[in-house]
Structures are given as C-alpha cells and as structure tokens.
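A closer look at the structure
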Amino acid sequence: MEPTAPSPARPDPAVHEPALPEPVLREPAHRVSDRAVLMWTVDAAALLVLLLVGQVVWWFVDDAPSRAPHWVVGAVWLVVGGTYTAVMPRWRYRVHRWEATPRAVYTQSGWLWQERRIAPLSRVQTVDLDRGPVAQLLGLAAVTITTASAAGPVSIHALDLPVARELVDALTAAAVERTDDAT
C-alpha cells in the first residue's frame, strides 16, 4: 500500500510553521528619565522668554496710539504659552519610550503627533550621543541612531547619562558584530 499525502484539511504534523518574528511595531518597554519633564519645561520656558523679548521690542517700536493690540497679543501669548509650558513636558514624558533588543531599536516619541519607529541593527550606520546645555546640567543625553533609511535617524531623548553611554556601547558593539547587511 502506498502512503497517502496528507489532506489539506489535516496538515502533516512533521511540517512545522516558522516561528513568528518579534513584533515590528510595538510599545517599547522603557521610559526616558523622569528629569526629562524638567528639561522640556526649561526648553519651553526659554522659548517663551524669546517670544517675550519680541513682544517687548514690538511694544517699544510700535508708535500706534492704541496699545490694545499689545494687550490682546500679550494675553493670548500668556495663556497659550503657559498652557504649553505646563502641559507639553508631562504629556511628552508619558509618550516617550525606548527599547533595544538584539535585533532592533524601538522608539516612541512626540506629543501631539506621535511616532513609533524601529531601526534594525543590521541597518545601523552610526550611533551618536548628544548633550545640550540643559541636558548637561540635568545629567541627561540623547542617543541618535543613523540607519540606512530614507526616514532619517532614530533618536532617543532624555536618557540618564550612564544609561545613554551604556546604550551607545551596546548598539555599537551589536552593529559591528552583525555580518548580515540589510542595506
């Protein structure tokens, strides 16, 4: 008697389905530093101070007889700017996340416009550590991962400096050891 082929309704138990790869886009596991809220608040306040300087210059340069436009613009500026400074850093902290696995780096960022990105380690070209003046004062850093992607680099902002340094070292080592090139 000849062996019969398994029917389509009953797959051959010896044939195994390939394992599913890890999820492509998912919420990353780690939050940024809680000092990120202070850094983003200081950055927002600095922007407001620059706008205030413009408002003051306009006040002195304008020779119109009525100061009503200045008061209206100033009031709107104060409400919008104050709300932005109070809300944006906390909202942004709730959104920003990151994770590095042996295969990829996952990020989630933004506040009004939110973005999730994945950077496969096989496509990593450079890994940079950036620290602006406020970040330096707070012991924070940003890690930027440049990939062979038209979407541009992936950035993780507001990491504690030791965490950022460790991440840069780990990503650099992982990218160097990868021999498969997805580019």
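Before any of the text, the structure's been laid out above.
As a convention, each chain's residues are numbered from 1 in the sequence order in which they are written. With pLDDT at 70 or above as the cut-off, local features in this predicted model cover only qualifying residues; side-chain atom pairs require 80 or more to be listed or tallied, and sums for whole chains, interfaces and linings still use all residues. Water and hydrogen atoms were dropped before computing side-chain values, which therefore reflect all heavy atoms in the structure.

This paragraph deals with the sheet that holds strand S3 (residues 104-110). If you walk across this open sheet you meet the four strands as S1-S2-S3-S4, and the pairing is antiparallel. Edge strands, defined here as strands with exactly one partner in the open sheet, are strand S1 (30-31) and strand S4 (114-120). Strand direction decides the pairing type here: S3 and S4, joined by seven bridges, are antiparallel. Across the sheet, Thr107 pairs through a bridge with Arg117, a residue of S4. Note on contacts: a residue pair is in contact if any heavy atoms of the two residues lie within 4.5 Å. Helix axes are fitted to C-alpha atoms over the stretch in contact, other axes to C-alpha atoms as well, and angles between N-to-C directions run from 0 to 180 degrees. Put simply, DSSP H or I for four residues or longer makes a helix, DSSP E for two residues or longer makes a strand, and each gets a number counted from the N terminus. Those strands touched by helix H2 (residues 68-95) are S1, strand S2 (97-100), S3 and S4, and its axis lies near 155° from that of S3. Pairing between two strands requires that DSSP report at least two bridges joining them.

This part takes up the nonpolar core. Counting 30 residues, the largest nonpolar core has Val32, Trp40, Val143, Ile145 and Leu159 as the members making the most contacts within it. For this core, the secondary structure elements donating two or more residues are helix H1 (36-61), H2, strand S5 (124-130), helix H3 (133-138), strand S6 (140-147), strand S7 (154-160) and helix H4 (161-177). In terms of residues, this core owes the most to one element, H4, which gives six residues. Setting aside anything within four residues of it in sequence, one finds Val32 in contact with Trp40, Tyr93, His96, Trp98, His157, Ala158 and Leu159. Side-chain atoms within 4.5 Å link the members of a nonpolar core, which is a set of buried Ala, Val, Leu, Ile, Met, Phe, Trp, Tyr and Cys residues. Exposed residues in this analysis have more than 50% of their type's maximum accessible area, buried residues have under 20%, and partly exposed residues fall in between, with area computed by a 1.4 Å probe over protein chains only.

The next point concerns H4. The end-to-end C-alpha distance of H4, which contains 17 residues, comes to 24 Å, matching closely the 24 Å that a straight helix rising 1.5 Å per residue would cover. Within the sequence span of H4, burial applies to Leu161, Ala164, Leu167, Val168, Leu171 and Ala174. Here the buried residues of H4 occupy an arc of 160° about the axis, which is enough to place them on one side. Pointing more than 90 degrees away from the buried face of H4 are the exposed residues Pro162, Glu166, Asp169, Val176 and Glu177. Each helix should span, by expectation, one fewer than its residue count multiplied by 1.5 Å. By definition, the arc is the one covered by directions from the helix axis to the C-beta atoms.

So, about unusual backbone geometry. Notably, Ala158 is not glycine yet its phi reads approximately 65°, a positive angle. Here Ala158 lies in strand S7. Judged by its relative accessible area of 2%, Ala158 falls in the buried class.

What follows deals with empty space enclosed by the protein. Using a 1 Å grid laid over the protein atoms alone, points where a 1.4 Å probe fits but cannot get out form a cavity; open sets with protein on both sides within 12 Å along at least 5 of 7 lines form a pocket; any residue with an atom within 4 Å of a point counts as lining. Grid points are joined across faces, edges and corners, and a volume is the space filled by probe spheres set on the points. Evaluation of the coordinates by the stated rule reveals one cavity of 30 Å³ or more. Taken as a whole, the largest cavity encloses approximately 50 Å³ of empty space. Lining the largest cavity are Val32, His96, Arg97, Trp98, Thr107, Gln108, Ser109, Ser155, Ile156 and His157. Where the lining of the largest cavity is concerned, the elements lending two or more residues are S2, S3 and S7. Residues are grouped as follows: Ala, Val, Leu, Ile, Met, Phe, Trp, Tyr, Cys and Pro are nonpolar; Asp, Glu, Lys and Arg are charged; every other residue, Gly included, is polar. For the lining of the largest cavity, the residue count by class is three nonpolar, six polar and one charged.

In space, the three strands of this open sheet follow the order S5-S6-S7, with antiparallel pairing throughout. Here the strands that pair on one side only, and so sit at the sheet edges, are S5 and S7. Put simply, the sheet's adjacent strands are angled 15° from each other on average, direction ignored. As paired strands, S5 and S6 are joined by six bridges and run antiparallel to one another. Across the sheet, the residue bridging to Asp130 is Ala142, located in S6. Its contacts with the sheet place H1 against S6 and S7, and it is angled at close to 110° to S7. This element, H4, spans S5, S6 and S7 of the sheet and lies at about 165° to S5.

Tracing the backbone through its elements, the reader meets Asp62 in the loop between H1 and H2. His is not counted, nor are the chain ends, whereas Lys and Arg count as positive and Asp and Glu as negative. Here, a salt bridge means any Lys or Arg side-chain nitrogen found within 4 Å of an Asp or Glu carboxyl oxygen. For the buried Asp62, which has no salt bridge, the nearest side chain bearing the opposite charge is Arg67, at an N-O separation of 4.2 Å. Polar contact criterion, stated in full: a pair of N or O atoms within 3.5 Å, where within protein one must be able to donate a hydrogen and the other to accept it, and residues adjacent in sequence count only if both atoms are side-chain atoms. A distance of 2.8 Å separates the side chain of Asp62 from the side chain of His70, its partner in a polar contact. Apart from residues no more than four positions distant in its own chain, Asp62 is found in contact with Arg67 and His70.

Everything listed here is a matter of coordinates, which is why it stays silent on function.
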